[in-house]
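Okay, here's what each chain looks like letter by letter:
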Number of protein chains: 2
Amino acid sequence: MTTAAPPDGIDEPGAARATVDLLGVLAYGELSAFDRISEDARAAPTLAGRATLSKIAAAEMGHFVLLEQHLNGMGVVVEDAMLPFVAAWDSYHASTAPRSWLESIVKVYLGDGLAADFYREISGWLPGATGELVQRVMADTGHSAFAEREVHAACQADRRTRDRLALWGRRLLGEAVTQAQHIVAERDELAVFIITGTGDLSGIASLLKRVQFNHGKRMAKLGLN
Amino acid sequence: MTTAAPPDGIDEPGAARATVDLLGVLAYGELSAFDRISEDARAAPTLAGRATLSKIAAAEMGHFVLLEQHLNGMGVVVEDAMLPFVAAWDSYHASTAPRSWLESIVKVYLGDGLAADFYREISGWLPGATGELVQRVMADTGHSAFAEREVHAACQADRRTRDRLALWGRRLLGEAVTQAQHIVAERDELAVFIITGTGDLSGIASLLKRVQFNHGKRMAKLGLN
């Protein structure tokens, strides 16, 4: 267990609050993902698809429990950490409610990827044990192959499906970035933490560029390029 | 790993088909419980309640995966094993859709208890490894205390709530027994397996009596007596 120093330009208490915020965002992200994915599972065209999506939803709760335990160890109740971020996450999900099974799995795949990208970038600035936890929570749950297979098959069968899903994938990125900006704008320590972590505002711009680039790569993996 | 002989009066292939049926019933029970509980979680009055119910739903999927793997080991695809029992389970859930948060948690608590009772009775007649798996799947997930606490508090606060939940608890037993009878009536090998396992029809009557007795004890634990 190593302990990283907070990025230059932010004091220890500020970094601690930012850390709790980042874990709170992530915890409610898992809980709300569970909620949405379990609902989407109901619309699966096959029993096998339903079981797979239900397993993915359950895996999100596994991550939630890890975050809850870690926060408890820091003396923080997970509900308190999540509360400030409920509205932003709920807005994201309300504005990106899937209208089909394929939209559901594209959202799960790209959404998980976006979250993993962002959190991997910041995990290095977090205290050692917290950074390791975040890496663990963000590890692939092993369901990517399922999404790639389903989406590829559907796209090959129908070009219009592919075009619509490609638009959907781009919209998801836009909505995610919008909500992430809302969150950061409302949490001073979080903003300072991220700005100092990336170095400066141009560091944030290049972080966003990397996230966009990886999102594009994941779209290509689904056949949506 | 021990191997039990099938109960007297049923041949090996019949016992094997009954075993797959029993695992299929259980697997779809877990998948449909996941589905219902995750939906109920959305109606939780607090974020903590929502997280707890979501964790219970996720635990059902953990059990599902164990059953799926065990069936795979027997050369059976879980979806094939579940398919004959989808209608009965869906009927059960449709006829017992909770209208409140308290009804949700009473249903989870009593329903899990009923399933555990029934499967513990039959696990002794199943081949050793399968019986052990069933015992493991039916073990308490550690969330009973949560339900007992919530229901007790609500009942103490309001006697009418208690009376309504007591009726609800009795109705759940009735609906569960009805659907279990439908299932057994439509699966010959399963009927033979259970009749021979219990000894005879009076053995089934006493099994039902034990299930009812334990249900009553669980109602009392919730304060619904």
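The rules we used
Residues numbered from 1 in each chain as written. Chains lettered and ligands numbered in written order. Predicted model: local features only at pLDDT ≥ 70, side-chain atom pairs only at ≥ 80, totals over all residues. Heavy atoms only, no water. Helix = DSSP H or I, 4+ residues; strand = E, 2+ residues; numbered from the N terminus. Expected span 1.5 Å × (residues − 1). Buried < 20%, exposed > 50% of the residue type's maximum accessible area, 1.4 Å probe, protein only. Polar contact = N/O pair within 3.5 Å; in protein donor to acceptor, adjacent residues only side chain to side chain. Core = buried A, V, L, I, M, F, W, Y, C linked by side-chain atoms within 4.5 Å. Contact = heavy atoms within 4.5 Å. Buried area = accessible area lost by both parts, 1.4 Å probe. Salt bridge = Lys/Arg side-chain N within 4 Å of Asp/Glu carboxyl O. Axes fitted to C-alpha atoms, helices over the stretch in contact; angles between N-to-C directions. Parallel < 35°, antiparallel > 145°, perpendicular 65-115°, else oblique. Nonpolar A, V, L, I, M, F, W, Y, C, P; charged D, E, K, R; others polar. Least-squares fit on C-alpha atoms with pLDDT ≥ 70 in both.

Q: Describe helix H1 (residues 12–41) of chain A, and please don't skip the residues or the numbers.
A: All names here are of chain A. Taking 1.5 Å per residue, 30 residues should reach 44 Å; H1 reaches 43 Å between its end C-alpha atoms and fits that length. Among the 30 residues that make up H1, 24 are buried, leaving the element largely enclosed by the rest of the structure. Where H1 starts, the residue carrying a side-chain oxygen 2.9 Å from the main-chain nitrogen of glycine 14 turns out to be aspartate 11.

Q: Please give an account of the nonpolar core that cites residues and values.
A: Judged by nonpolar contacts, the single largest core of 142 residues is most densely connected at Val106(A), Leu224(A), Val106(B) and Leu224(B). If we ignore the near neighbours within four places in the chain, the residues touching Val106(B) are Gly111(B), Val151(B), Leu165(B), Trp168(B), Leu172(B), Leu222(B) and Leu224(B).

Q: Could you give an account of the interface of chain B and chain A, with specific residues and numbers?
A: Listed per partner, the contact involves 24 residues of chain B and 24 residues of chain A. Taken over both partners, the interface formed by chain B and chain A buries close to 2,000 Å², and the fraction arising from carbon and sulfur atoms is 63%. Three residues, Arg42(B), Leu47(B) and Arg50(B), lead the burial of chain B against chain A; their summed loss comes to 28% of the area buried on that side. Across the salt bridge formed by Arg42(B) and Glu39(A), the nearest N and O atoms sit 3.1 Å from each other. Between the two partners, chain B and chain A, sit nine residue pairs in polar contact (both at pLDDT 80 or more). Listed by contribution, the elements that provide at least two residues to the side of chain B that touches chain A are helix H1 (12–41), helix H2 (47–73) and helix H3 (78–82) of chain B. Here the side of chain B that touches chain A gets twelve residues from one element, more than from any other, and that element is H2(B).

Q: So what about the side chain of Thr96(B)? Which residues, and what values?
A: All names here are of chain B. As for its placement among the helices and strands, threonine 96 is situated in the loop between helix H4 (86–95) and helix H5 (101–123). A residue is classified by how much of its surface remains accessible, and threonine 96, at 0% relative accessible area, is buried. Beyond its immediate sequence surroundings of up to four residues, threonine 96 is in contact with Lys107, Trp168, Leu172 and Glu175.

Q: Please set out the pattern of salt bridges residue by residue, giving values where relevant.
A: According to the stated counting rule, one finds 27 salt bridges over all chains in the structure shown. Here Glu175(A) makes a salt bridge to Arg171(A), at a shortest N to O gap of 3.7 Å. With Glu175(A) and Arg171(A) both in helix H8 (residues 159–186) and four residues apart, this pair spans about one turn of that helix. With a relative accessible area of 37%, Arg171(A) lands in the partly exposed category. Connected through shared salt-bridge partners, Asp35(A), Arg36(A), Glu39(A) and Arg42(B) make up one network.

Q: Could you give me a rundown of the packing of H1(A) against helix H9 (residues 188–198) of chain A, with the residues and numbers involved?
A: Residues and elements named next belong to chain A. Direction vectors running N to C along H1 and H9 enclose 100 degrees, while the axes themselves pass 8 Å from each other. Between H1 and H9, the angle falls in the class roughly perpendicular. Along the contact surface, H1 presents Gly14, Ala15, Arg17, Ala18, Asp21 and Leu22, while H9 presents Glu189, Leu190 and Phe193. In terms of residue class, the contact of H1 with H9 is built from five nonpolar, one polar and three charged.

Q: Can you lay out the environment of Gly73(B) for me, pointing to particular residues and giving the numbers?
A: You can see Gly73(B) is positioned in helix H2. Sequence separation between Gly73(B) and Leu201(B) is 128 residues; the distance between their C-alpha atoms is 33 Å.

Q: Hey, could you go over the relation of the copies chain B and chain A for me, with residue numbers and the actual values?
A: Each copy superposes on the other: chain B lies on chain A with an RMSD of 0.0 Å after a rotation of 180 degrees and an axial shift of 0.0 Å. Each copy turns onto its partner about a two-fold axis. Among all residues of chain B, the minimum C-alpha distance to the rotation axis is found for Ala58(B), at 2.2 Å. Take the interface residues of chain B: 100% of them recur as interface residues in chain A, which is what a same-surface contact looks like.

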